[in-house]
Amino acid sequence: MILIIDFGSQFNQLIARRVREHQVYCQIIPPAMLTEEYIREVKPEGIILSGGPSSIYGQDSPKVNPFIFNGEVPVLGICYGLQFMVHALGGKVQRSEKREYGFAELSISTHSDLFQGIDQKTQCWMSHGDSISELPKGFTITASTDNTRVAAASNPEKNLYGLQFHPEVDHTLMGREILSNFLFRICSCKQNWTMKSFAQNTIEDIRKTIGDKKAILGLSGGVDSSVAALLIHKAIGKNLTCIYVDNGLMRKNESKILKETLTRHLDMNIRFVNAADDFLTPLKDVTDPEKKRKIIGNVFINVFDKEASRIKDAEFLGQGTLYPDIIESQSAFGGPSDVIKSHHNVGGLPENMKLKLVEPLKYLFKDEVRQLGAEIGLPDDLVWRQPFPGPGLGIRIMGAITRERLDVLREADAVLLDEIKKAGYYKKVWQSFAVLLPIKSVGVMGDQRTYENTIVIRAVTSKDAMTADWAKLPYEVLGRISNRIINEVNGVNRVTYDITSKPPGTIEWE
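These numbers come from a predicted model, not from an experiment. (Residues numbered from 1 in each chain as written. Predicted model: local features only at pLDDT ≥ 70, side-chain atom pairs only at ≥ 80, totals over all residues. Heavy atoms only, no water.)

Draft legend 1. View of the overall build of the protein chain. When its secondary structure is counted, the protein chain shows 14 helices and 18 strands. Whereas a compact globule of 510 residues would reach a radius of gyration of roughly 24 Å, the protein chain reaches 25 Å, a difference of no more than 12%. Structurally, the protein chain occupies a C-alpha span of about 75 × 65 × 40 Å along its principal axes. By the burial criterion, 59% of the 510 residues in the protein chain qualify as buried. Both charge centroids of the protein chain, one from 62 positive and one from 62 negative side chains, sit 3 Å from each other. (Helix = DSSP H or I, 4+ residues; strand = E, 2+ residues; numbered from the N terminus. Rg over C-alpha atoms; globule rule 2.2 N^0.38 Å. Buried < 20%, exposed > 50% of the residue type's maximum accessible area, 1.4 Å probe, protein only. Lys, Arg positive; Asp, Glu negative; His and termini not counted. Charge placed at Lys NZ, Arg CZ, Asp CG, Glu CD.)

In structure tokens form, the structure reads like this:
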């Protein structure tokens, strides 16, 4: 067990991902949860203090009880986590003359267990405005950069280690090795957390939670809801009823295809509900992205309440909520992270919801969910289906949602996916989809002036959706997609390609 303290970094979930890549279990908790009683209860092998946007001298800067620095449990502070450690132990942190953000060359100066096997000079990723000006007693500098004298420091006698840079991001070339040294050389962890053990433990937990009661689950056909459904089904069998809701915001022929796939491969109780009017009516003239998500979330629950009333004794609602859903929708586990956007199954849930939530995937990233799906026997075409948001095309139409605009987007999206699959890129990219903009542009088609819609193509590569880069699709593929959309989709005369990474953008446009 490794405890990761959420000090507010948008990427603290990546720390958890890196820890689990080494087959070590971890939990992310808010600072207030880290008490002496909790430490005695969970007996962690180590504690990692995450980075964060705060200054240590800020009025509301996050803090933990300094008792964790007594040497009994190894502690690794990252960025703000290191600064908090230094400040709490009597060192000094000050505002830097020059903010350091981006790539930097790390020079390792002192032998340390944390840097075993690491090149003396290596690339790291910095993101900080404050710097350490004076270390506490017992600490030594172990690495520096040109702009940061204390890029790493340690007090091995107290099992205290700190990094001013971020080992969890891919930009730090030896970041995985550094974290591995902390887990195994310093914390003496064992590699005993696997998808097989996670599946077994989760199924047993679900069985204990639900007992002989009945549950329902919103089945979209995506990998998240499908894996969640199969886990719950393995725990409680026919006491689970899956409900597929056609919200009128699905892709072309998706409901038909999913119905055939799900009924053929999954031996479950599945009900198919056509609720398009229930969603589209309250969405009329709504353009604000957050309002769209809230409306879709509320209608979704209302539809479920209506269906649940037909299922005697249904008390639980299963969902495929993931780690990224939680961290982007709210402060992770009560910590200080900023809200990026609300997800339909997190921020959109009404307070008076009648059903109790069961979220067996809420500690997992998308790639881990795929591994889990394969482990428990989910069909390959479902395991590798590209992510599709719960609000569907509703958040890929910028501006007002109408049936006519949905039809335009469906046709364009169908062309895009067809060409992506033909080119062999469907599994190579994380997501590929079309976006309809609320603007029109002038064009010339058939010697006539046109004034029609603009479609944006979005394709990204990613490992966990926490960060993403735009996919470098071949020009000829982009050309075929553009030509087909303009020629085959009525009402479109311009196609553009989104080359924005995450950050600063998000994968979805809304």
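Now that the structure has been shown, we can carry on.
Draft legend 2. The packing of aromatic side chains, seen in detail. Within this structure, the stated rule accounts for 8 aromatic pairs. Here the aromatic rings of Tyr244 and Phe272 are separated by 5.5 Å at their centres, their planes lie at 55°, and the arrangement is tilted. With Tyr244 in strand S11 (residues 240-246) and Phe272 in strand S12 (residues 269-274), the pair connects residues that are 28 residues apart, well separated along the chain. Looking at Phe272, the relative accessible area reads 27%, which means it is partly exposed. Members of the aromatic cluster, joined through ring pairs, are Phe7, Phe69, Tyr80 and Phe84. Between the NZ or CZ atom of Arg370 and the centre of the ring of Trp430, over which it lies, the distance is 5.9 Å. Lying across the ring of Tyr425, Lys428 places its NZ or CZ 4.8 Å from the centre. (Phe/Tyr/Trp six-rings, centres within 6.5 Å; stacked < 30°, edge-to-face > 60°. Lys NZ or Arg CZ within 6 Å of the ring centre and 35° of its normal.)

Draft legend 3. Region of interest: helix H6 (residues 223-236). Here H6 is 14 residues long and its end C-alpha atoms lie 20 Å apart, about the 20 Å a rise of 1.5 Å per residue gives. Most of H6 is tucked away: 13 of the 14 residues are buried. A positive phi of about 60° marks Gly237, the residue just after H6. (Expected span 1.5 Å × (residues − 1).)

Draft legend 4. Main features of the pairing of strand S2 (residues 26-29). As judged from the 4 bridges shared by strand S1 (residues 2-5) and S2, these two strands associate in the parallel manner. In the sheet register, Ile4 faces S2, and the bridge partner there is Ile28. Crossover handedness for the path S1 to helix H1 (residues 12-21) to S2: right-handed. (Pairing = 2+ DSSP bridges. Right-handed = clockwise from strand over helix to strand, strands pointing away.)

Draft legend 5. Local environment of the pattern of salt bridges. Throughout the structure, instances matching the rule amount to 28 salt bridges. Of the charged contacts in the structure, one is a salt bridge between Glu368 and Arg20, with a shortest N-O distance of 2.9 Å. Placement of the pair is Glu368 in helix H11 (residues 366-376) and Arg20 in helix H1, with a sequence separation of 348 residues. The exposure class assigned to Glu368 is buried, which follows from its relative accessible area of 4%. Taking relative accessible area as the criterion, Arg20 reaches 5% and is therefore assigned buried. Linking Arg207 and Glu204 is a salt bridge whose minimum nitrogen-to-oxygen distance equals 2.9 Å. Residue Arg207 and its partner Glu204 are located together in helix H5 (residues 195-210), separated by 3 residues, close to a single helical turn. A relative accessible area of 32% means that Glu204 is categorised as partly exposed. What you see here is one network of salt bridges that share partners, running through Arg17, Arg18, Glu21, Asp170, Arg176 and Asp367. (Salt bridge = Lys/Arg side-chain N within 4 Å of Asp/Glu carboxyl O.)

Draft legend 6. Quick look at the sheet that holds S12. With parallel pairing, the 5 strands of this open sheet are ordered in space as S12-S11-S10-S13-S14. What marks the edges here is a single partner per strand, and that holds for S12 and strand S14 (356-358). Taken pair by pair, the neighbouring strands of this sheet meet at an average axis angle of 30°, ignoring direction. In the packing of H6 onto the sheet, contacts are made with strand S10 (214-218), S11, strand S13 (314-318) and S14, and the angle to S10 comes to roughly 165°. (Axes fitted to C-alpha atoms, helices over the stretch in contact; angles between N-to-C directions. Contact = heavy atoms within 4.5 Å.)

Draft legend 7. Representation of the packing of H6 against H11. In the contact formed by H6 and H11, the axes pass within 10 Å of each other and the chain directions differ by 45°. Relative to H11, the element H6 is oriented oblique. Pair H6 / H11 crosses with left-handed handedness. Side by side, H6 and H11 meet where Val223, Asp224, Val227, Leu230, Leu231 and Lys234 of the first sit next to Lys366, Val369, Arg370, Leu372, Gly373 and Ile376 of the second. A breakdown of the residues in the contact of H6 with H11 according to their chemical character gives 7 nonpolar, 1 polar and 4 charged. (Parallel < 35°, antiparallel > 145°, perpendicular 65-115°, else oblique. Left-handed = near helix turned anticlockwise from the far one by under 90°. Nonpolar A, V, L, I, M, F, W, Y, C, P; charged D, E, K, R; others polar.)

Draft legend 8. Layout of the nonpolar core. Core analysis: the biggest nonpolar cluster contains 88 residues, and Ile216, Val227, Leu361, Leu372, Ile455 and Ile485 have the highest contact counts within it. With 9 residues, H6 is the largest single contributor of residues to this core. Discounting residues that sit within four places of it in the chain, Val227 has contacts with Leu361, Val369, Leu372, Gly373, Ile376 and Leu378. (Core = buried A, V, L, I, M, F, W, Y, C linked by side-chain atoms within 4.5 Å.)

Draft legend 9. Up close: the packing of helix H13 (residues 403-422) against helix H14 (residues 475-488). Contact geometry for H13 and H14: axes closest at 9 Å, N-to-C directions at 150°. When the axis of H13 is compared with that of H14, the two are roughly antiparallel. The two elements H13 and H14 meet at a crossing, and its hand is right-handed. Note on element contacts: H14 touches H13 through Arg480, Ile481, Arg484, Ile485 and Glu488, opposite Ala412, Val415, Leu416, Asp418, Glu419, Ile420 and Lys422. For the contact of H13 with H14, the residue count by class is 6 nonpolar, no polar and 6 charged.

Draft legend 10. Just the pairing of S1, in detail. Residues Ile2 and Ile4 of S1 are buried on one face, and the alternating residues Leu3 and Ile5, pointing to the opposite face, are buried as well. Pairing between S1 and strand S3 (residues 46-49): 4 bridges, direction parallel. Looking across to S3, one finds that Ile5 is bridged to Leu49.

Draft legend 11. Summary view of unusual backbone geometry. Following Lys502, the chain continues into Pro503 via a peptide bond in cis, with omega recorded as -10°. As for its position among the elements, Pro503 is in the segment after strand S18 (492-497). Following Pro503, the chain continues to Pro504 via a peptide bond in cis, the omega torsion being 15°. Secondary-structure assignment places Pro504 in the segment after S18. With a phi close to 60°, Asn159 is a non-glycine residue in the positive phi region. As for its position among the elements, Asn159 is in the loop between strand S8 (152-155) and strand S9 (160-163).

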